[in-house]
Amino acid sequence: MPDAVQLAFRGLAPLLKAVARSFYLTVRVLPAAIRPQIGLAYLLARATDTLADTTTAPVAARLTALAALRERILTGEGPPLELEPFLHGTAAGATAAERRLLQRFEEVQRLLAAFSPADQQLIRAVLTTITSGQELDLRRFGECAPPAAGSASGAPRPPAIVALPSDADLDDYTYRVAGCVGEFWTKVCRAHLFPQAHLDDATLLINGVRFGKGLQLVNILRDLPRDLRQGRCYLPDDWLARHGLRPADLLDPAMGPRFRLFYENYLRQAEVFLADGWAYTNALPRGQVRVRLACAWPILIGARTLARLRASNVL
């Protein structure tokens, strides 16, 4: 890794710490040879996610800006993007640190060109997949009506909650926004840390994808009440229907016992994915202590989160 890249990345470290929070601890523990690649990919993904989540901007404007941001990342060409409209009125979603990230997007994006062609290709590939998931999410949920809105008479209005249609859609979403990160992580580590190690690469990549999906599924299960209040449900509508439930029913905590049988299915699925993540971690070369630790932390946090969800009424 050229010294200039390491130096430029260190200049972005305070920004990364501010927007990444707990993930920053993972980045800090990684070997220096892969820290800039993974840190920069995170910053780019966080920038596109912040823009997509700017709820005060119209959906069409966000989709256009997201496409332009993706094109800028993929080509590095063209004039600087006009992100000023997305820096104001973003209190509904973005933090001050995320707004600073959008303000410094050009600086973050320029660093990408300083990496090797192989690293650039890996970073651009994972950002292509992640932004496709963000775009799909925006098209699916962008026009959801706020559940708290009332009718003209003042009477409560049933929330307009959109749910994913099926398990296939849930699997596709978790791959686009997190499973692909497991692939990216694996390929970066393989190229820079243990290129000569004798590993089952096919199984490692499969478990890397399942590891990422598992972490995202934990987030979905944990954030269910908040997402419902925002008019979105990532748990499939067809499964809910089989249990005689509608997404709007989940706003009522009294539905918790009835919902539990349905919910347990996804808790078990998340546990299976985290177990695959543990197999992934143990398959890494024994000498790669820092990478193994960086993998173990989110697994342990995820397992603790699932235990708490299982012991409570998530609704």
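Note that the structure is a prediction, hence the values are computed from the model and not measured.

A. Seen up close, the overall build of the protein. Of the regular secondary structure elements, the protein holds 13 helices and two strands. A globule of 315 residues ought to have a C-alpha radius of gyration of about 20 Å, and the protein, at 20 Å, matches this closely. For the C-alpha atoms alone, the extent of the protein along its principal axes is close to 65 × 45 × 30 Å. Buried positions account for 50% of the 315 residues belonging to the protein.

B. Representation of the side chain of R292 within the structure. Tracing the backbone through its elements, the reader meets R292 in helix α13 (residues 289–310). For R292, which is buried and forms no salt bridge, the nearest opposite charge comes from D201, at a distance of 14 Å. Excluding residues within four positions of it along the chain, R292 makes contact with T281, N282, L284, P285 and R286.

C. Seen up close, the layout of surface pockets. Empty space within the second largest pocket amounts to approximately 160 Å³. Mapped onto the lining of the second largest pocket, the elements with two or more residues apiece are α8 (167–192), α9 (201–222) and α12 (256–283). Looking at the lining of the second largest pocket, its residues break down into four nonpolar, three polar and three charged.

D. Representation of a nonpolar patch on the surface within the structure. A grouping of L25, L293, W297 and I301 is seen on the molecular surface, where their side chains present a nonpolar patch of about 380 Å² in accessible area. The greatest single-element share of the nonpolar patch, amounting to three residues, is contributed by α13. Along the polypeptide, W297 turns up in helix α13. Classification of W297 by relative accessible area gives partly exposed; the value is 34%.

E. Region of interest: the nonpolar core. Counting residues in hydrophobic clusters, the biggest one holds 56 residues, and the most contacted among them are L44, I123 and W185. Discounting chain neighbours no more than four positions away, the residues touching I123 are Q37, L40, A41, L44, L112, F115 and F184.

F. A look at the packing of aromatic side chains. In total, this model carries nine aromatic pairs according to the counting rule given. Ring centres of F211 and Y280 lie 6.0 Å apart, and the angle between their planes is 55 degrees; this geometry places the pair in the tilted category. Of this pair, F211 sits in helix α9 while Y280 sits in helix α12, and the two are 69 residues apart along the sequence. In this structure Y280 comes out as buried when scored by relative accessible area, which is 3%. An aromatic cluster of at least three residues, connected via ring pairs, comprises W239, F259, F262, Y263 and Y266. The positively charged end of R242 is found above the aromatic ring belonging to W239, 4.9 Å away from the centroid.

Analysis parameters
The numbering scheme is per chain: residues are counted from 1 as the chain's sequence reads. The predicted origin of the model limits local features to residues at a pLDDT of at least 70 and limits the giving and counting of side-chain atom pairs to 80 or more, whereas totals for whole chains, interfaces and linings rest on all residues. Water and hydrogen atoms were dropped before computing side-chain values, which therefore reflect all heavy atoms in the structure. In this description a helix means any DSSP run of H or I spanning at least four residues, a strand means any run of E spanning at least two, and both kinds are numbered starting from the N terminus. The globule rule is 2.2 Å times the number of residues to the power 0.38, and the radius of gyration it is compared with is taken over C-alpha atoms. Per-residue accessibility, obtained with a 1.4 Å probe over protein chains only, is compared with the maximum for each type, and a residue is labelled buried under 20%, exposed over 50%, and partly exposed between these values. Think of it this way: Lys and Arg go in the positive column, Asp and Glu in the negative one, and His and the chain ends go nowhere. A carboxyl oxygen of Asp or Glu within 4 Å of a side-chain nitrogen of Lys or Arg is what we treat as a salt bridge. A contact between two residues is defined here by any heavy atoms of the two lying within 4.5 Å. Any residue with an atom within 4 Å of a point lines the site, the site being either a cavity, points on a 1 Å grid over the protein atoms alone where a 1.4 Å probe fits but cannot get out, or a pocket, an open set with protein on both sides within 12 Å along at least 5 of 7 lines. Grid points are joined across faces, edges and corners, and a volume is the space filled by probe spheres set on the points. Each residue gets one of three labels, nonpolar for Ala, Val, Leu, Ile, Met, Phe, Trp, Tyr, Cys and Pro, charged for Asp, Glu, Lys and Arg, and polar for the others, Gly among them. Patch definition: residues above 30% relative accessible area lacking any salt bridge, with like charges linked at up to 9 Å and the nonpolar side chains Val, Leu, Ile, Met, Phe, Trp and Tyr linked at up to 5 Å. Here the Shrake-Rupley method, with its probe set to 1.4 Å, supplies the accessible areas, and only the displayed protein chains count as covering residues. Joining through side-chain atoms within 4.5 Å is the link that ties buried Ala, Val, Leu, Ile, Met, Phe, Trp, Tyr and Cys residues into a set, and such a set is a nonpolar core. Geometry of aromatic contacts follows a simple scheme: Phe, Tyr and Trp rings, the Trp one being its six-membered ring, pair when their centres are within 6.5 Å, and the pair is stacked under 30 degrees between planes, edge-to-face over 60, tilted otherwise. Any Lys NZ or Arg CZ found within 6 Å of a ring centre and within 35 degrees of that ring's normal is scored as a charge over the ring.

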